[in-house]
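# Coordinates in review
This is what each chain is made of:
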Amino acid sequence: MSNWQPCCSAMRASPVSGHSLVHFADAQQVGGFAQQALAWANENGIMSGKGDGIFVPQVMATRAQVAQMPKNFVEKAQ
């Protein structure tokens, strides 16, 4: 599972408006279909990237990262 896949699912469960990944140096590596989802996840505290201004969207997510995303989603929804 890539980093972007859980974000697409979580975003579908929330109201969405325009979001952007422009502050990540590797934003161009995000597929067009996942850009809004990753930007939404970042702006809503679901994912924060790897630090140093990179998101590494093509890297496989670890189990811990996949578990943290729904936890963050639920906490932000409360």
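Presented here is a report on the structure given in the accompanying data block.

## Concerning the side chain of Asn42
Position of Asn42 relative to the elements: it lies in helix α2 (residues 32-43). Residue classification places Asn42 among the buried residues on the basis of a relative accessible area of 16%. Excluding anything up to four places from it in sequence, Asn42 contacts His23, Phe24, Met47, Ser48 and Phe55.

## Thoughts on the nonpolar core
Counting 13 residues, the largest nonpolar core has Leu21, Leu38 and Met47 as its most contacted members. Element by element, the count of residues in this core is highest for α2, at 5 residues.

## Here we look at the packing of aromatic side chains
Applying the stated criterion across every chain, the model contains 2 aromatic pairs. On the numbers, 6.1 Å between centres and 55° between planes, the contact of Trp40 with Phe73 is tilted. Taken as a pair, Trp40 in helix α2 and Phe73 in helix α3 (residues 63-77) lie far apart in primary sequence, 33 residues in all. Under the relative-accessibility criterion, Phe73 is labelled partly exposed at 22%.

## Looking at the environment of Gln65
Tracing the backbone through its elements, the reader meets Gln65 in helix α3. Sequence separation between Gln65 and Met47 is 18 residues; the distance between their C-alpha atoms is 8.7 Å.

## Remarks on the environment of Trp40
Looking at Trp40, the relative accessible area reads 4%, which means it is buried. C-alpha separation for the pair Trp40 and Leu21, spaced 19 residues apart in sequence, amounts to 8.9 Å.

## Focus on the side chain of Asn72
Considering the arrangement of structural elements, one finds Asn72 in helix α3. Discounting residues that sit within four places of it in the chain, Asn72 has contacts with Gly45 and Ile46.

## Observations regarding unusual backbone geometry
Even without a glycine there, the phi angle at Asp52 is positive, about 55°. Mapped onto the secondary structure, Asp52 falls in the loop between α2 and α3. Phi is positive for Val56, close to 45°, though the residue is something other than glycine. Examined against the element boundaries, Val56 turns out to sit in the loop between α2 and α3.

Criteria and cut-off values
Residues numbered from 1 in each chain as written. Predicted model: local features only at pLDDT ≥ 70, side-chain atom pairs only at ≥ 80, totals over all residues. Heavy atoms only, no water. Helix = DSSP H or I, 4+ residues; strand = E, 2+ residues; numbered from the N terminus. Buried < 20%, exposed > 50% of the residue type's maximum accessible area, 1.4 Å probe, protein only. Contact = heavy atoms within 4.5 Å. Core = buried A, V, L, I, M, F, W, Y, C linked by side-chain atoms within 4.5 Å. Phe/Tyr/Trp six-rings, centres within 6.5 Å; stacked < 30°, edge-to-face > 60°.

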